Amino acid sequence: MRKYIFIPLFIAIVCGIAFAGVKHFWRGETMSLKQAEKKWGSEIFDAQKFKSLSTNDRAKMVVSIIKTKVLVGKNRLEIRELLGPQDGYYFTDMYPAYIVFEDPKPNGETWQIVGLLDKEYKVKEVIIHKNCCE
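Rules of the game
- Residues numbered from 1 in each chain as written.
- Predicted model: local features only at pLDDT ≥ 70, side-chain atom pairs only at ≥ 80, totals over all residues.
- Heavy atoms only, no water.
- Buried < 20%, exposed > 50% of the residue type's maximum accessible area, 1.4 Å probe, protein only.
- Helix = DSSP H or I, 4+ residues; strand = E, 2+ residues; numbered from the N terminus.
- Pairing = 2+ DSSP bridges.
- Core = buried A, V, L, I, M, F, W, Y, C linked by side-chain atoms within 4.5 Å.
- Contact = heavy atoms within 4.5 Å.
- pLDDT = per-residue confidence, 0-100.
- Arc of directions from axis to C-beta.
- Polar contact = N/O pair within 3.5 Å; in protein donor to acceptor, adjacent residues only side chain to side chain.
- Phe/Tyr/Trp six-rings, centres within 6.5 Å; stacked < 30°, edge-to-face > 60°.
- Lys NZ or Arg CZ within 6 Å of the ring centre and 35° of its normal.
- Salt bridge = Lys/Arg side-chain N within 4 Å of Asp/Glu carboxyl O.

The buried count for strand β2 (residues 97-102) comes to 5 of 6 residues, which makes it a mostly enclosed element. In the sheet, β2 pairs with strand β3 (residues 110-117) via 5 bridges, with the strands oriented antiparallel. Bridge pairing links E102 to T110 in β3.

Structure follows, in structure tokens:
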């Protein structure tokens, strides 16, 4: 009888450890603020400038957007007014997503910022997500 209790417990522990080591299986590959700052630098966020910049020039503002939490608590309409129409995609159009870096090389990386939503459809967190795969 003890064997039958041990097996499900063992499986639960192994699965728990496996998932604990993964950032978030749903998110895909993400970039930390430290990595972003090293890769793109850091410039103070300016909404008007963000709207008018080319995609790769937006990357300089990513660290500021996340650190200041300027998007946190805003709904999709407020974000659209602030940043303009979204040009990224994250599983569905519900998530506000904006391309911030596109490597011009073939098979180069594309990165976007994504507003993760809470139950009230307001941004609870902004991540830097690798926009992947055709």
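Of all hydrophobic cores here, the largest spans 26 residues; its most connected members are W40, F45, F50, L71, L83, I113 and I128. With 4 residues, helix α5 (residues 62-68) is the largest single contributor of residues to this core. Not counting the four nearest positions on each side in its chain, L83 is found in contact with F45, F50, K51, L71 and Y98. The next biggest cluster of nonpolar side chains, apart from the first, holds 5 residues, and it includes Y90, A97, L116 and I127.

Right, let's talk about the confidence of the model for the protein chain for a bit. Where the model shows low pLDDT, its predicted coordinates should not be examined in detail. Taken residue by residue, the protein chain gives an average pLDDT of 86. The fraction at 70 or more is 78%. Confidence over residues 17-25 falls short of pLDDT 50; this stretch has 2 contacts with residues more than four positions distant or in other chains.

Inspection of helix α6 (residues 76-83) places I79, L82 and L83 among the buried residues, and these make up the whole buried set. The buried residues of α6 occupy an angular sector of 75 degrees when the element is viewed end-on, so they sit on one face. Exposed and facing more than 90 degrees away from the buried side of α6 are L77 and E81. In this structure, the buried residues of α6 make contact with α3 (47-52), β2 and β4 (123-130). Capping the start of α6 is the job of one residue whose side-chain oxygen sits 3.0 Å from the backbone nitrogen of L77: N75. Phi for G84, located one or two positions after α6, is positive at around 90 degrees.

Let us now look at the packing of aromatic side chains. Applying the stated rule across the entire model yields 5 aromatic pairs. On the numbers, 6.1 Å between centres and 75 degrees between planes, the contact of F50 with Y98 is edge-to-face. With F50 in helix α3 and Y98 in strand β2, this residue pair connects regions lying 48 residues apart in the sequence. No difference in accessibility class separates F50 from Y98, as the two residues are buried. Joined through ring pairs, the aromatic side chains of F45, F50 and Y98 make up one cluster. Note that K39 overlies the ring of F101, its terminal NZ or CZ placed 5.3 Å from the centroid.

Okay, the pattern of salt bridges next. Any two side chains of opposite charge can pair if their charged atoms end up close together. The full count for this structure, using the stated rule, is 7 salt bridges. K49 is the partner of E43 in a salt bridge, and the nearest nitrogen-oxygen pair spans 2.9 Å. For E43, a relative accessible area of 24% corresponds to the partly exposed category. The class of K49 is partly exposed, set by a relative accessible area of 35%. Here the salt bridges share partners, and the residues they tie into one network are E29, K39, E109 and K130.

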